[in-house]
Structure formats: structure tokens, C-alpha cells
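Geometric and topological summary
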Amino acid sequence: MMIAGRTAAQDLDRAGDLRNAYRVADRYCGTADRLRTDAEPEQHEAQHRKCLGELRCYAPCKDHFTPCRSSRLLIQQHHRTCQCGIVDATAPTGSHAGHFSALGGIRPSRPKEAEIVTGITLNRPRLHFTPRTGWMNDPNGLVRIGETYHLFYQYFPDGLRHGPMHWGHATSSDLAEWQEGPIALSPDASGQCFSGSAVPVGTGDLAEEIDAPAGGALVFFTAHLDHDDGSALETQHLAIADQTLTEFTRWPGNPVVPNSGARDFRDPKVFWHAESGHWIMLIAEGQRIAIYRSPDALKWELASAFGETHGIHREHPWECPDLVPLRLAGTSRQVWMMIVGIGEGHPGGGSGTQLFFGDFDGTSFTNHYPAETIHMMDWGRDFYAVQSFAGISGADPLVIGWMSNWDYAKQLPGTEFLGAMSLPRRLRAIETQAGPKLVQRVDEVVASRFDKLGLVIGESARPASGTYRLDLRADLALGDRAELSLFGNPAPLFRVERIADGFTVTSLRHEELDQAGRGAFAHEYSTQIETDGPFICEVFVDNGFVEIGCLEGRHWFSTVHLPATPAGAVSWR
């Protein structure tokens, strides 16, 4: 692949990795196959001009590099237009400030060598989805079209730290094996592509102006535009996806929901509410969830808001809302469950996911519990930004979360990728004396892919690989305890102790990072769960990613570890 008389190796030298050449080319215009040869310059030129809106600067001008001749010409033309030139610069100052402002306020974010923690590293799991390279956080636009599950996600392809947000894309037929595809959405003049949702075409009524193909999807996302003064503007945008969900046409009238006046106004979750005949959009707006309605997915109006006096509140805003109906086991009734991400305030420290159970009438959500009641979807520290799949009809809701925590996500050590998704979980509700409670179970197909390791209390064993499953039980007398140790480390990672009305459960993590985030990575904290029976749990271990479901899925603890020996000995004593 020649670039204006130079080799790809020369042009990519600053990137430091020739193996990324085709991946980089694919990120720019999604036509990696065409970009592997320079034999058709006219085709290159036409393609790059067509997707010029996707061609953006992701780093200071000195770091520009280009995958083919035509895109290099376009960058040169752009630089001549803004008169900043391709020069050496370490920050977007002076003429560069105007340059970055013109490109939607996108700021450079490349990892420096000093930022990479050495000594311990994040192991790649086998059954938790990870991108091949780059940074990943929130799951976005989870949807099933036909027999294919689509997982979109917040993605920065050019480094191992949070940077200008794209939407990555992966597909699966069984939720266990995922195929990573081209980037779905990239930053443009309206800003970065923050979180959102997708719904299949045909789910509900659409405005006549929306020309959406059968078998395609409507994609709603937040455009996040940074300004030079440190402020930001967040608005809600619509894109229409084709039947393969690989081609996206942005609605020319964007934004479909302008900013409400709040700095934090993001993460639209959209679904069709058949009972009221309206589309519903939940938007995280500071410390509350704004609920919008629309008859046609274009004309939106604010209907209500929930949460300012309910649940956990800290300095950081609420994020990533969802609202799903759950069947109450053994009855014909249902309850609505609102899912909300909290940037801080998890009992173990940092970010987490809280729940509210109530009624939804197509306009407003009413909490069944007192406002101060706290329900956590997961008591572990690594389960955030949970989203449900659209297109799942007649089945229990299906969700995936991000297995990390904003307290330390940006400090985790990695070499190729950073960020992993949780295992997919099926949801149902049960009625208790206190009210409805959530039960979660790992999808059966995914659970079956884990090697089952037999272990009874008082024993130890060694798994064949770092991906295995345990079914544990402990019949404990008052004051007795049991401890689970993994990865060949005798120090326990999970402890249960019998108390009068149940168990005290303690999560422990012993690794410490070379750099501190907002909060420490190592931890020891406890919570209490009520039961008058024995302690039972299922444990899914995937090369350091551990998800523990207790008491038939009523209480979950999800934690990321950094073991040197993922297949090390296991003990339950």
C-alpha cells in the first residue's frame, strides 16, 4: 500500500505498529478491503469523499497518519482550509484550538508509556466479550434482529485509555461466540458518539419521513460536543441502520431531542410502549431520569422525570438508564424495573448499578418502595452501564453490563485491549414479603460453555483452564464461615459467615495497581443477605473475570482480578 510515494511503514511509523495499518484504514471509512491496494485511486478518492464526514482528527496534528493517498489529500486540503498546517504540536492551542473546535471539540487521547501499568496485566477472557484492540466501556444498542444478537459499545480504537467515543460493533448467534465488525459510528462535527440504544424497524409507528428498511434498526445516541472553555453540549441523535446493521444514515434533522439545559443529558434508551401507543425515551439528566414520549420516533416531548429524591445520589450524575417489564414468577402480573448507573456511591466504592421496582403507565414511573430503599443489581464493584436487548419478545429480558468501575478503569493495565463485557444474564422477578425482587441467571447456552469443576467444602482442585464454573454449597452454623480462594492464591477472594438471619458476604481483592485512580483497586467490604437456608452459589471464572450468583441468582458479586495464573488452584474451605 503506497502513500504518495512513501510506504505504509513510513507513514505508520509514528503509530508504532504496522500491524494496525488495515485496522486503521477500516476505522476511517469501513472499506478495509479496498484500501489494501493503491491500484484504484479514483475509487479511493470517491469513497473517501463520500465518508469525509467520518474523517476526523483524533490526535494533535503531528500524529496525523493516513491509510491511503486520497485520504492524505483530503487531510491536506482540510489543513489548508483551517490554516493550521501539518506541524509539530503537543496541544490544541492557537490555530489548533480553532481546528479542534471545527471538528466538534474532539480532544486527543493517546496513552503515554508512563500511563501503562507494568508487572500485572488484564488477562483476555474467553467468554466475556472484549475488543481485539483498544478501549471499551458501556454496552450500547443491544438488539436482536432475526437470529443475530448485536452488541454495540463505547469504543476508542486508538489507545488503551478513554478517548473520543465511537460505537464498536460485534455480533453473535448464541451470545457465547462474538464476531467483531467494523466501527458503526464515529465522531463528526456534532461531537463524539456517546451511549444510546437500538430498536428493530417494525417495533412501533414511524413518521413518514423516516425511510427505514424492514429488518433494519433505529439507533439513538448522544452526540457529545466539547467546547474550548471546558463546557459541553449533549443532544440526542437518530441514525438508521440497514438490514446488516453495518451501514448507518444519520437523520438530517438531528438532533431529535435538543439539549434540555443540563450539562449531563445523555444515554437515550428507547422502546415502544404498546399500551399507550408511544415511543418512550429515557435520558439521564443530572441526578434524575427524564422520560420523553413520541408517537413517531421524531417528535418528542418531555412527559415526566424520576429519581431526584430516590436511591443513591453523589456528585457524579446518573447514567445509562433502562426500563424493562418483568414477569412476577408464579403469577400473571408484571412489575417494571428501572435500571440506573451511578458514577459513584456503590457500597464497595465507585460506580455501580442500582434498581427501582414500580409501575409505568406510558408517562411516568412510580416507585413501589420507599425513596430511601437501595437495590443494587450487583454487589460486586465491576458491573456498570447495564442495558437490555431489544427484539426479545416472549422471553425473559436479557442484559449485559460493562465489567469495570470508573474508580480505576483508566488505570487498569493492558497490552492489547482494555474493557470487557459481563456475561449475558436473563432476568425475572419474584414476589417477597417486602416486595418484588430481581433474580438473574447467566444465559444457559453461555453457562454451558464453562468447564464444570466439582468442589465441596473442605476441598481444593485445579481447573484444566482459566475458564470454569463452580456450584458451591455451605451448611454453616451460627458464627461459622467459608472462604473461596482462586488462581492458586491461598488468600480468599470471597467469604461467607453465618449470622442470625442470613449471611455476611465479604468481597476481597488483593492486587494493587501501580497508580491510584479515584479509589483503590484492592478492597475488602461486606454486605448482608437474608435467608434461613444453606449458602449456595454459582461461580463463573473466566481468566480473572469472576461473577458469583448467590441464593439462586438473587444476589450477585462481579469482580475483575489480575491473576498471574488464571488456571491456578481453587479451594472452598
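First, a word on scope: everything that follows refers to the structure included in this document. (Residues numbered from 1 in each chain as written. Predicted model: local features only at pLDDT ≥ 70, side-chain atom pairs only at ≥ 80, totals over all residues. Heavy atoms only, no water.)

**Quick word on the overall build of the protein chain**
Within the protein chain, the regular secondary structure consists of 6 helices and 35 strands. In the protein chain, which comprises 573 residues, the share counted as buried stands at 60%. For the protein chain, the share of sequence-separated contacts (at least 6 apart) that also reach a separation of at least 24 residues comes to 59%. Accessible surface, the protein chain: about 22,500 Å² in total, of which carbon and sulfur atoms supply 48%. (Helix = DSSP H or I, 4+ residues; strand = E, 2+ residues; numbered from the N terminus. Buried < 20%, exposed > 50% of the residue type's maximum accessible area, 1.4 Å probe, protein only. Contact = heavy atoms within 4.5 Å. Areas by Shrake-Rupley, 256 points an atom, 1.4 Å probe, with all protein chains shown as cover.)

**A short note on the pairing of strand 14 (residues 301-306)**
Two faces belong to every sheet, and in a regular strand the side chains alternate between them. Sheet topology note: the strand 13 (residues 288-294)/strand 14 ladder contains 5 bridges and is antiparallel. Paired with Tyr292 across the bridge in strand 14 is Leu302. Where strand 13 folds back onto strand 14 in an antiparallel hairpin, the turn is made up of 6 residues, including Ala297, whose phi is positive at roughly 75 degrees. (Pairing = 2+ DSSP bridges.)

**Some remarks on the sheet that holds strand 35 (residues 570-572)**
Across the sheet, 6 strands lie side by side as 26-35-28-29-30-31; this open sheet has antiparallel pairing. Across the chains shown, the open sheet's two edge strands, defined by having one partner strand only, are strand 26 (459-461) and strand 31 (523-530). In this sheet, neighbouring strand axes are inclined to one another by 15 degrees on average, regardless of whether the strands run parallel or antiparallel. Inspection of the sheet shows strand 28 (residues 481-485) paired to strand 35 by 2 bridges, in the antiparallel sense. Considered in strand 35, the bridge of Leu484 is made with Trp572. (Axes fitted to C-alpha atoms, helices over the stretch in contact; angles between N-to-C directions.)

**Here we look at the pairing of strand 15 (residues 318-327)**
With 8 of its 10 residues buried, strand 15 lies for the most part within the structure. Of the strand pairs in this sheet, strand 15 and strand 16 (residues 334-342) are connected by 8 bridges, and their pairing is antiparallel. Paired with Trp318 across the bridge in strand 16 is Ile342. Counting the residues between successive antiparallel strands, the hairpin from strand 15 to strand 16 contains 6 residues, one of them, Gly330, with a positive phi of roughly 80 degrees.

**Quick look at the pattern of salt bridges**
Oppositely charged side chains may form a pair once their charged atoms are brought near each other. Overall, the coordinates contain 27 salt bridges when judged by the stated rule. Salt-bridge contacts for Glu285 lead to Arg288; the nearest nitrogen and oxygen are separated by 2.7 Å. One salt-bridge network, in which partners are shared between bridges, spans Arg441, Lys452, Arg469, Asp471 and Glu538. (Salt bridge = Lys/Arg side-chain N within 4 Å of Asp/Glu carboxyl O.)

**Quick notes on the sheet that holds strand 5 (residues 166-172)**
With respect to topology, 5 strands assemble into an open sheet ordered 6-5-4-3-22, the strand pairing being mixed. The sheet is open, and its two borders are formed by strand 6 (179-180) and strand 22 (417-418), each paired with just one other strand. Across 7 bridges, strand 3 (residues 134-145) lies against strand 4 (residues 148-156) in antiparallel orientation. Each bridged residue has a counterpart across the sheet, and for Asn140 the counterpart in strand 4 is Phe152.

**Considering the packing of aromatic side chains**
Two descriptors summarise a pair of aromatic rings, namely the distance from one centre to the other and the angle between the planes of the rings. Following the criterion strictly, the structure yields 26 aromatic pairs and no others. Judged by centre distance (4.9 Å) and plane angle (80 degrees), the ring pair of Phe306 and Phe365 falls under edge-to-face. With Phe306 in strand 14 and Phe365 in strand 18 (residues 365-367), this residue pair connects regions lying 59 residues apart in the sequence. With respect to burial, Phe306 and Phe365 carry one shared label: buried. Ring geometry for Phe450 against Phe540: centres 5.2 Å apart, planes inclined by 70 degrees, an arrangement best described as edge-to-face. With a gap of 90 residues between them, Phe450 in the loop between helix 6 (444-448) and strand 25 (451-452) and Phe540 in strand 32 (residues 535-542) connect regions that are remote in the sequence. Considered together, Phe450 and Phe540 belong to a single accessibility category, that of buried residues. One aromatic cluster in this structure is built from Phe129, Tyr153, Tyr155 and Trp178. (Phe/Tyr/Trp six-rings, centres within 6.5 Å; stacked < 30°, edge-to-face > 60°.)

**Digging into the side chain of Asp542**
Assignment of secondary structure puts Asp542 in strand 32. Of the side chains with opposite charge, Arg126 comes closest to the buried, unpaired Asp542, at an N-O distance of 5.4 Å. Polar side-chain contacts of Asp542 include one of 2.8 Å to the backbone nitrogen of Arg126. A polar side-chain atom of Asp542 sits 2.7 Å from the main-chain amide nitrogen of Leu127. (Lys, Arg positive; Asp, Glu negative; His and termini not counted. Polar contact = N/O pair within 3.5 Å; in protein donor to acceptor, adjacent residues only side chain to side chain.)

**Looking at unusual backbone geometry**
Here Asn254 and Pro255 are connected by a cis peptide whose omega angle stands at 5 degrees. The backbone of Ala297 sits at a positive phi, close to 75 degrees, despite the residue not being glycine. Mapped onto the fold, Ala297 is located in the loop between strand 13 and strand 14. Unlike most non-glycine residues, Phe487 shows phi in positive territory, near 65 degrees. By the secondary structure assignment, Phe487 is in the loop between strand 28 and strand 29 (494-499). Take Phe487: its relative accessible area is 8%, and that puts it in the buried class.

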